[in-house]
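Each chain is listed here by its residues.
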Amino acid sequence: MSDFLKELSNAKLRRVNRDEIKDFSDPILAGFITKDSIDAYQSNVLDCNFENWYEKLKDVTFRSEYFPIDKEHAELFIKIYPKLGLINEKSDWKSLFTIEELNILKELETKLDFIINKFIRKPSDYVFVKTSSRSAKDSPLASKIFKEIYDNYLNELNEYEKNSENEQVCCLLKASFDCLKVNKGSQVLEMFFKSERIYQDMLLALEKINRFNENFIIREFVQIDIDMEFRGFVFNRRLTALSQYNYLIYSKRLNEHKDQIECELKNFFYNQVMHKLENFIENYIIDFAVFFNGHNKLLNFKCSVIEINPFLETTDSALFSWEHEKHILQSRDGFSFRITGRSKPGIKSMLPQDLRSYIHSK
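In every chain, residue numbers begin from 1 and rise along the written sequence. Owing to the predicted nature of the model, reporting of local features is limited to residues with pLDDT of at least 70; listing and counting of side-chain atom pairs is limited to 80 or more, with chain, interface and lining totals taken over all residues. The side-chain numbers reported here are obtained from all heavy atoms of the structure, hydrogens and water having been left aside.

If you tally the helices and strands in the chain, you get 14 helices and eight strands. Buried, partly exposed and exposed residues are distinguished by accessible area as a fraction of the type maximum, computed with a 1.4 Å probe on protein chains only: under 20%, between the cut-offs, and over 50%, respectively. Across the 362 residues in the chain, those meeting the buried criterion constitute 51%. Contact criterion: two residues are considered in contact whenever any of their non-hydrogen atoms come within 4.5 Å of each other. By sequence separation, contacts in the chain at least 24 residues apart represent 77% of the contacts at least 6 residues apart. Put simply, DSSP marks the helices as runs of H or I at least four residues long and the strands as runs of E at least two long, and each gets a number from the N terminus on.

Written out as structure tokens, the structure is:
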């Protein structure tokens, strides 16, 4: 299932006690049993932070700007998030801040608005904002607007399509993507302070204080077709595998053009990406976007890099299995490209219960 849908289904604030705060990273470090292995894991995550690859790939990815998250900001994220579970959902979340902290918040909002406005030229323009490592896609704020966006996409379908579980999940994915676009600094900050992912990342950043280099990343919001996003696996600097990113859905277009997409993405990686990352880490996971023209033909075909993630079992392996197929992802000779070849029967049952409620029953 799409990583975003997993996060969104869990988007709620919960009560957090001090013991949980201290050991919050335990779940994501499952399997790392020694301090050295934990250190290696954390270093690998930080190696893939946005600042370490963006300037190298600036001409093949989306326009972006960033400014620093200071240590005091990181500490504020860590301080506020656990307290959010202690107040009524209808209460003003800013009531948790001191006067001094509200001034810090206002300063951050002003800086964010200044950069965001560089990207906004008309009312339909938006940006996507993340930290150096991840977005706040688990934020309850995103969940609030999710149903409205989902219903709008569903209403664009004819009656036959509305009863197709594949099309319904396509609408869920489109909605999940759209609800992350913002045009104000205040939206960004509310999403970030209410995000468990951001909380986790700030904990990690402060734990590795000698490598602290966190930023707000403001990126041009580019509409990517949900069937045209791909996850690539790079081992020893070679592209060993590709997978459909939103692998829960079937796409007729993708199946018809699979061979050409594979060829174009491999050419794009080896001719426009690989050499620019010569001084980058050897193993990583890289996400690509492919853009068609309006006639479903590969004319004016274009590829872009979306982001880079650590080559770790904590990163979603899409249509591959870390447990059973790691040898494929680490292959030196072969190459594999996997997509969903047909509509999955009972696709609705593969969704978390919270998300099933969005899908209209027949």
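Burial analysis of strand 3 (residues 214-220) places six of its seven residues in the buried class, which makes it a mostly covered element. Pairs of strands are assigned from DSSP output, requiring at least two bridges between the strands. Two strands pair when backbone bridges link them, and strand 1 (residues 64-69) and strand 3 are joined in this way by six bridges, in the antiparallel orientation. Counterpart to Ser64 in the pairing with strand 3 is Arg219. Here strand 2 (residues 127-130) pairs with strand 3 via four bridges, running antiparallel. Among the inter-strand pairings, Phe128 is bridged to a residue of strand 3, identified as Arg219.

To continue, consider the pattern of salt bridges. Within this document, salt bridges are pairs made up of a side-chain nitrogen of Lys or Arg and a carboxyl oxygen of Asp or Glu, the two lying within 4 Å of each other. What the rule picks out here adds up to 18 salt bridges. The salt bridge involving Asp151 is made with Lys147; its shortest N-O contact spans 2.9 Å. Placement of both Asp151 and Lys147 in helix 6 (residues 140-155) is noted, with a separation of four residues, approximately one turn of the helix. Note on Lys147: relative accessible area 43%, which makes it partly exposed. A salt bridge links Lys162 to Glu159, with the shortest nitrogen-to-oxygen separation between them at 3.5 Å. You can see Lys162 and its partner Glu159 sitting in helix 7 (residues 159-162), three residues apart, about one turn around the helix. Since its relative accessible area comes to 55%, Glu159 is described here as exposed.

Further remarks concern the sheet that holds strand 1. Ordered in space as 1-3-2, the three strands form an open sheet in which the pairing is antiparallel. The outermost strands of the open sheet, each flanked by one partner alone, are strand 1 and strand 2. Adjacent strand axes in the sheet meet at a mean angle of 20° when their direction is disregarded. Convention adopted: a line fitted to C-alpha atoms gives each axis, helices being fitted over their contacting stretch, and angles between N-to-C directions are expressed from 0 to 180 degrees.

Given 3.6 residues to a turn, an α-helix orients residues that are three or four positions apart in the same direction. With 21 residues, helix 5 (residues 99-119) extends 31 Å between its outermost C-alpha atoms, agreeing within 8% with the 30 Å of an ideal straight helix rising 1.5 Å per residue. Considered for burial, the residues of helix 5 that qualify are Glu101, Ile104, Leu105, Leu108, Glu109, Leu112, Ile115, Ile116 and Phe119. All buried residues of helix 5 lie within an arc of 140° about the axis, which places them on one face of the element. Among the exposed residues of helix 5, those pointing more than 90 degrees away from its buried face are Ile99, Glu100, Asn103 and Phe114. Next to the buried residues of helix 5 lie strand 1, helix 4 (71-84), strand 2, helix 9 (185-193) and strand 3. Multiply 1.5 Å by the residue count of a helix minus one, and that product is the helix's expected span. When we speak of the arc, we mean the arc of directions from the helix axis to the C-beta atoms.

For helix 4, which comprises 14 residues, the first-to-last C-alpha distance of 21 Å matches the rise-based estimate of 20 Å (1.5 Å per residue) to within 8%. Among the residues making up helix 4, those that are buried are His73, Ala74, Leu76, Phe77, Ile78, Ile80, Tyr81, Pro82 and Leu84.

This part is about a negative patch on the surface. Together, Asp70, Glu72, Glu75 and Glu100 make up a region of like negative charge exposed at the surface. Tracing the sequence through the fold places Glu75 in helix 4. Distance thresholds for patches are 9 Å for like charges and 5 Å for nonpolar side chains (Val, Leu, Ile, Met, Phe, Trp, Tyr), applied to residues having over 30% relative accessible area and no salt bridge. The accessible surface values rely on the Shrake-Rupley method and a 1.4 Å probe; as for residues, cover is taken only from the protein chains in view. When charges are counted, neither His nor the chain ends are considered; positive counts come from Lys and Arg and negative counts from Asp and Glu. Charge positions come from single atoms, namely NZ of Lys, CZ of Arg, CG of Asp or CD of Glu.

Spatially, 7-6-4-5-8 is the arrangement adopted by the five strands of the open sheet, whose pairing is mixed. If you trace the sheet from one side to the other, it starts and ends with strand 7 (302-310) and strand 8 (336-338), each paired once. Averaged over neighbouring strand pairs, the angle between their axes works out to 25° when direction is ignored. Here strand 4 (residues 229-235) pairs with strand 6 (residues 284-291) via six bridges, running antiparallel.

With respect to the helices and strands, the residue Gln244 is situated in strand 5 (residues 238-244). At 2.9 Å, the side chain of Gln244 and the backbone oxygen of Ile249 are in polar contact. For this analysis, a polar contact is any N or O atom pair within 3.5 Å, provided that within protein one partner can donate a hydrogen and the other can accept it, and provided that sequence-adjacent residues contribute only side-chain to side-chain pairs.

Let's shift gears to the nonpolar core. Residues Phe77, Leu112, Phe192, Phe193, Phe216 and Ile218 are the most contacted members of the largest nonpolar core, which totals 36 residues. Secondary-structure elements contributing two or more residues to this core are strand 1, helix 4, helix 5, strand 2, helix 9, helix 10 (196-207) and strand 3. Dropping the residues within four chain positions of it, Ile218 is found in contact with Arg63, Ser64, Glu65, Phe67, Leu112, Ile115, Ile116, Phe119, Val127, Phe128 and Val129. Side-chain atoms within 4.5 Å link the members of a nonpolar core, which is a set of buried Ala, Val, Leu, Ile, Met, Phe, Trp, Tyr and Cys residues. Core analysis: the next-biggest nonpolar cluster, separate from the first, contains 31 residues, Val234, Phe269, Tyr284 and Cys303 among them.

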